Amino acid sequence: MESRKLDALMITHPKNVYYFTGFLTEPHERFMGLVLVRGESPFLFVPLLDGEKAREACPAMMIYTHDDSQDALTVLQHLLPTPLSQIGVEKNHLTAKTYESLVSIVQATETVDVGELLCNIRVAKDASEIATIKRAIWVMEESLRRTLPLISIGMTELDVVAELEYQMKKLKAQGPSFSTIVLAGEKAALPHGDSGDSGGRSFVD
């Protein structure tokens, strides 16, 4: 923020919020962000449904909430000093509507896309992060080892997806990083196919 002369920084991608705060959630269509204003303490701005979870994850941080009856950015406006001439945002994550509204409420004259900067910060891994990555790899490989012997004639792709994710949970995983894909038969060559009942057929020899 200092080097780019930013008055404020809005971190809105859930995984980046998690990286900097330890609070993980998927707000879906609701607005959420870690807000850093020059000279002030950072705060989390989250949907009311996530308020208690955020307080548990970040007991030392100020948490503000908004509910579904409110316009989130109008609520945020009252929490910010204005104008904030230069702000940093994650342009790849914000919708055009949210971006335009955010720029308007803070009266920004310049925005800086900080998406690449945040990614570059996350690239450098400390020992605990490396250990977590290794643990995640082990969980996935062990889940597969446990699932493969259970696959039998008559199981569908979704049956195998369910078993894989069950094994992940048993090994204390929070969940897959993206939707689990299991494909059989002629669908097996599709890099991004949708798991289902294998086109009406189950697993065969």
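Let us look at the structure shown here. What you see is a predicted model; the values in this text were computed from it and never measured. Counting starts from 1 at the beginning of each chain's written sequence and moves along it residue by residue. For this predicted model, a pLDDT threshold of at least 70 governs which residues receive local features, and a threshold of 80 or more governs which side-chain atom pairs are given and counted, while totals over whole chains, interfaces and linings are taken from all residues. Excluding hydrogens and water, the side-chain values take into account all heavy atoms of the structure.

Turning our attention to the layout of surface pockets. Site definitions follow a grid-based scheme: protein atoms alone, a 1 Å grid, a 1.4 Å probe that fits but cannot get out for cavities, and for pockets an open set with protein on both sides within 12 Å along at least five of seven lines, plus lining residues having an atom within 4 Å of a point. Grid points are joined across faces, edges and corners, and a volume is the space filled by probe spheres set on the points. Approximately 1,400 Å³ is the volume found for the largest pocket. What lines the largest pocket is a set of 35 residues, among which Ala136, Gln174, Gly175, Pro176 and Ser177 lie closest to the centre. Under the DSSP-based scheme used, a helix requires at least four consecutive residues in state H or I and a strand at least two consecutive residues in state E, with every element numbered from the N terminus. Put simply, the parts of the chain that give the lining of the largest pocket at least two residues each are helix H1 (14-21), helix H6 (127-147) and helix H7 (157-170). Top element by residues in the lining of the largest pocket is H6. It accounts for nine residues. Here the lining of the largest pocket is built from residues that sort into 20 nonpolar, eight polar and seven charged. Think of it as three bins: nonpolar holds Ala, Val, Leu, Ile, Met, Phe, Trp, Tyr, Cys and Pro, charged holds Asp, Glu, Lys and Arg, and polar takes everything else, Gly as well.

Another point: the pairing of strand E3 (residues 43-47). The two faces of the sheet receive side chains in turn, since in a regular strand these alternate between them. Categorising residues by exposure relies on relative accessible area from a 1.4 Å probe, with only protein chains included: less than 20% of the type maximum marks a residue as buried, more than 50% marks it as exposed, and the intermediate range marks it as partly exposed. Of all five residues in E3, five are buried, a share of seventy percent or more. Whether two strands pair depends on DSSP finding at least two bridges between them. Sheet topology note: the strand E2 (residues 33-37)/E3 ladder contains three bridges and is antiparallel. Along E3, the bridge assignment pairs Val35 with Phe43. As judged from the five bridges shared by E3 and strand E4 (residues 62-66), these two strands associate in the parallel manner. For Phe45, the partnering residue across the bridge sits in E4 and is Tyr64. Handedness of a crossover is defined as follows: orient the strands so they point away from the viewer, and if the path from the first strand over the helix to the second runs clockwise, the crossover is right-handed. In this view, the connection linking E3 to its parallel neighbour E4 by way of helix H2 (residues 51-57) has right-handed handedness.

Right, let's talk about the packing of aromatic side chains for a bit. Centres within 6.5 Å are what make two rings of Phe, Tyr or Trp a pair, Trp counting through its six-membered ring; a difference in plane orientation under 30 degrees is then read as stacked, over 60 as edge-to-face, and the rest as tilted. Using the criterion set out here, one finds three aromatic pairs in the structure. Here the aromatic rings of Phe31 and Phe45 are separated by 6.1 Å at their centres, their planes lie at 55°, and the arrangement is tilted. Here the residue Phe31 occupies a position in the loop between H1 and E2, and Phe45 occupies one in strand E3, the gap between them amounting to 14 residues. Just as Phe31 is buried, Phe45 falls in that class too. Between Phe43 and Tyr64, the aromatic rings sit 5.1 Å apart at their centres with planes inclined by 90°, giving edge-to-face as the arrangement. Of this pair, Phe43 sits in strand E3 while Tyr64 sits in strand E4; the two residues are 21 residues apart in sequence, bridging distant segments of the chain. Here Phe43 falls in the buried class, since its relative accessible area comes to 6%.

Moving on to unusual backbone geometry. Most peptide bonds take the trans configuration, and most residues that are not glycine carry a negative phi. Put simply, Thr82 and Pro83 share a cis peptide bond, and its omega is 0°. Its location among the elements puts Pro83 in the loop between helix H3 (72-77) and strand E5 (86-89). Positive phi values are uncommon outside glycine, yet Gln107 reaches one of about 60°. Here Gln107 is to be found in the loop between helix H4 (96-106) and strand E6 (110-113). On the accessibility criterion, Gln107 (44% relative accessible area) is partly exposed. In this structure, Lys172 takes a positive phi of about 75° despite not being glycine. Structurally, the position occupied by Lys172 is in the segment after H7.

The analysis is restricted to geometry; functional conclusions fall outside its scope.
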